[in-house]
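# Structure at a glance
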Amino acid sequence: MILVLVETDGTGATEVSRETLTFARDLSAAGGGVPVDAVVVGSPACSVEALAQQLAAYGVRDVHHVSGDAFSAYGGAAWASAVQSVRAEVGSVVVAAAGTPRGMEVLAHLGARLGVPMAANVVAFDGLAPFTVTRQVVGGAVLEDMVLDQRPALFTVAGHAVEAAAAATPGAGRLVGSTPEVAPADLVARVVSSEPAQADLSGGLKSARVVVGAGRGAGSADGFGDLLELRDLLDGALGVSRVVTSLGWRPHHEQVGQTGSRISPDLYVACGISGAIQHWAGCSSAKTILAINTDEDAPMVAKAHYAVIGDLHEVVPAINEELRRRRGGG
Ligand code: FAD
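Here is a short report on the structure shown in this document. Not measured: the values here are computed from a predicted model.

Attention now goes to the overall build of the chain. The number of helices and strands found in the chain is 11 helices and 16 strands. Summarising its shape, the C-alpha atoms of the chain cover approximately 70 × 45 × 35 Å along the three principal directions. Burial statistics for the chain: of 330 residues in total, 46% are counted as buried. For the chain, the centre of its 23 positive side-chain charges and the centre of its 34 negative side-chain charges are spaced 2 Å apart.

Quick look at the structure:
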């Protein structure tokens with residue numbers, strides 16, 4: 001049996017939790033159709049009944065809801081004790097969670113309590129005997145195969161490793177409640193207050209048909225004028241590399257990549273971006289990529305469909321001028 005720790009937001013299970021359930025279902029199918037159960041700890045951000053229905057659509061058999069004062073505020077050790085108690089009851093041989101800060105922390109605690117290893121940021125499973133997974137290390141720059149030969153096998157699933165998809169055959173989605181005891185030591189570190197995150201401002205970037213990308217090659221916070229004009233001329237969105245957000249040149253919600261937005265526009269114009277693996281993780285689904293770079297050996301130039309080798313501060317104004325001319329705007 002596979003047990004998946006599910007995290008929630010106002011709409012139900014988070015996207016990365018639904019991806020993890022999809023991954024678990026694929027694993028179950030490879031293992032002869034063992035049941036997939038979910039465990040939800042504390043007070044979900046949505047109705048538990050609605051959540052159980054949603055999880056049923058993802059093929060979940062039982063939804064174990066661990067409630068009680070000890071679990072209402074997030075605490076890594078307390079939540080791990082909740083998952084441990086459900087696991088002991090249902091006898092799961094695999095416990096999975098989303099590769100989020102909470103998923104990582106809870107499963108790391110669980111591994112320490114059970115004396116078994118935990119594989120973080122898994123992107124694929126390669127075999128069941130022995131149970132072998134591929135996981136991202138060094139921020140996604142390297143993929144590593146890992147054999148999980150102890151039980152339960154614990155792992156977290158990296159975001160976007162699979163696409164979340166409902167099951168062809170829904171599960172029962174039976175709601176099972178429990179309120180296990182918690183040791184006082186497990187309540188020492190808990191969230192005592194939280195504030196809502198800043199609204200997701202990246203919506204336009206994620207759905208844009210054209211994205212003008214800018215990296216360190218922009219030169220400074222003042223170096224974006226021509227790039228913003230190109231964005232407007234193409235009716236697109238601006239996406240930037242992490243260097244640009246780390247230097248404070250542009251806000252984080254414009255970042256593309258592993259720790260930013262994943263984009264899939266028809267056209268990505270990557271200006272002054274080297275194309276590091278973590279950036280590529282966010283833009284590789286673009287249908288057409290045009291790289292503008294002074295370095296003909298930059299990885300982005302090698303991966304792009306088209307490239308212009310040159311200074312973006314000369315190339316982009318020339319493109320803008322031509323676009324304006326074709327539109328009769330001078
Ligand atoms: P650089 O690598 O410095 O490249 C600048 C490029 O601009 C070069 O190719 C250069 O030839 C070119 N250039 C310079 N001047 C000009 C000019 N005038 N005209 C044209 N071209 C010019 N990065 C992301 O982008 N997104 C992420 O989500 C992300 N997540 C990460 C997560 C982790 C855990 C780690 C370790 C790293 C992450 N990074 C991410 C950082 C990533 O590894 C790179 O450091 C970053 O993408 C490089 O940004 P850049 O291409 O703008 O800068």
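Picking up where we left off.
Another point: unusual backbone geometry. At the junction of Ala129 and Pro130, the peptide bond is cis and its omega measures out at 0° in the coordinates. In this fold, Pro130 is placed in the loop between strand 7 (118–128) and strand 8 (131–137). Following Arg151, the chain continues into Pro152 via a peptide bond in cis, with omega recorded as 0°. Mapped onto the elements, Pro152 comes out in the loop between strand 9 (142–147) and strand 10 (153–157).

To continue, consider the pattern of salt bridges. What the rule picks out here adds up to 12 salt bridges. Of the charged contacts in the structure, one is a salt bridge between Arg61 and Asp62, with a shortest N-O distance of 3.8 Å. When its relative accessible area of 28% is taken as the criterion, Arg61 is described as partly exposed. Glu144 is paired through a salt bridge with Arg135; the nearest N and O atoms lie 2.9 Å apart. Here Arg135 falls in the buried class, since its relative accessible area comes to 18%. Ionic contacts of the salt-bridge type, sharing partners, join the residues Asp37, Arg61, Asp62 and Arg174 into one network.

So, on to the nonpolar core. With 30 residues, the main nonpolar core has Val4, Val6, Leu21, Leu55, Leu148 and Phe155 as its most contacted residues. Looking at this core, the elements with two or more residues in it are strand 1 (2–5), helix 1 (15–30), strand 4 (36–41), helix 2 (48–57), strand 6 (94–98), strand 7, strand 8 and strand 10. Beyond its immediate sequence surroundings of up to four residues, Val6 is in contact with Ala13, Ser17, Leu21, Ala38, Val39, Val40 and Leu55. Leu3, Tyr74, Trp79 and Val182 belong to the second-largest nonpolar core, a separate cluster that totals 22 residues.

Attention shifts here to the pairing of strand 13 (residues 237–240). Of the two faces of strand 13, the one holding Ala237 and Gly239 and the one holding Leu238 and Val240 are both buried throughout. Following the backbone out of strand 12 (residues 210–214), through helix 7 (residues 225–233) and into the adjacent parallel strand 13, one traces a crossover that is right-handed.

Right, let's get into the packing of helix 4 (residues 76–90) against helix 5 (residues 101–114). Axis separation between helix 4 and helix 5 bottoms out at 8 Å; the angle between their running directions is 65°. When the axes of helix 4 and helix 5 are compared, the crossing they make is right-handed. In this structure, helix 4 contributes Gly76, Ala77, Trp79, Ala80, Ser81, Val83, Gln84 and Arg87 to the contact, and helix 5 contributes Arg102, Glu105, Val106, His109, Leu110, Arg113 and Leu114.

The full set close to the ligand counts 28 residues, and Arg216, Ser241, Thr259, Gln278 and Asn293 are the nearest of them. Interatomic distance of 2.9 Å between a backbone N/O atom of Gly272 and an oxygen atom of the ligand. With respect to the ligand, the side chain of His279 contributes an N or O atom lying 2.8 Å from an oxygen atom. Relative to its unbound accessible area of 990 Å², the ligand is 76% covered by the protein chains. Sorting the residues of the shell around the ligand by element identifies helix 8 (242–246), helix 9 (277–283), strand 15 (288–293) and helix 11 (312–326) as the ones contributing at least two each. For the shell around the ligand, a count of residues per class yields 7 nonpolar, 17 polar and 4 charged.

Viewed as axis vectors pointing N to C, helix 7 and helix 11 meet at an angle of 30°, and their least axial separation amounts to 9 Å. When the axis of helix 7 is compared with that of helix 11, the two are roughly parallel. For the crossing formed where helix 7 meets helix 11, the hand is left-handed. Contact residues: Asp226, Leu227, Glu229, Leu230 and Leu233 in helix 7; Leu312, His313, Val316, Pro317, Ile319, Asn320, Leu323 and Arg324 in helix 11.

The rules behind each value
- Residues numbered from 1 in each chain as written.
- Predicted model: local features only at pLDDT ≥ 70, side-chain atom pairs only at ≥ 80, totals over all residues.
- Heavy atoms only, no water.
- Helix = DSSP H or I, 4+ residues; strand = E, 2+ residues; numbered from the N terminus.
- Buried < 20%, exposed > 50% of the residue type's maximum accessible area, 1.4 Å probe, protein only.
- Lys, Arg positive; Asp, Glu negative; His and termini not counted.
- Charge placed at Lys NZ, Arg CZ, Asp CG, Glu CD.
- Salt bridge = Lys/Arg side-chain N within 4 Å of Asp/Glu carboxyl O.
- Core = buried A, V, L, I, M, F, W, Y, C linked by side-chain atoms within 4.5 Å.
- Contact = heavy atoms within 4.5 Å.
- Right-handed = clockwise from strand over helix to strand, strands pointing away.
- Axes fitted to C-alpha atoms, helices over the stretch in contact; angles between N-to-C directions.
- Left-handed = near helix turned anticlockwise from the far one by under 90°.
- Near = heavy atom within 4 Å.
- Polar contact = N/O pair within 3.5 Å; in protein donor to acceptor, adjacent residues only side chain to side chain.
- Areas by Shrake-Rupley, 256 points an atom, 1.4 Å probe, with all protein chains shown as cover.
- Nonpolar A, V, L, I, M, F, W, Y, C, P; charged D, E, K, R; others polar.
- Parallel < 35°, antiparallel > 145°, perpendicular 65-115°, else oblique.

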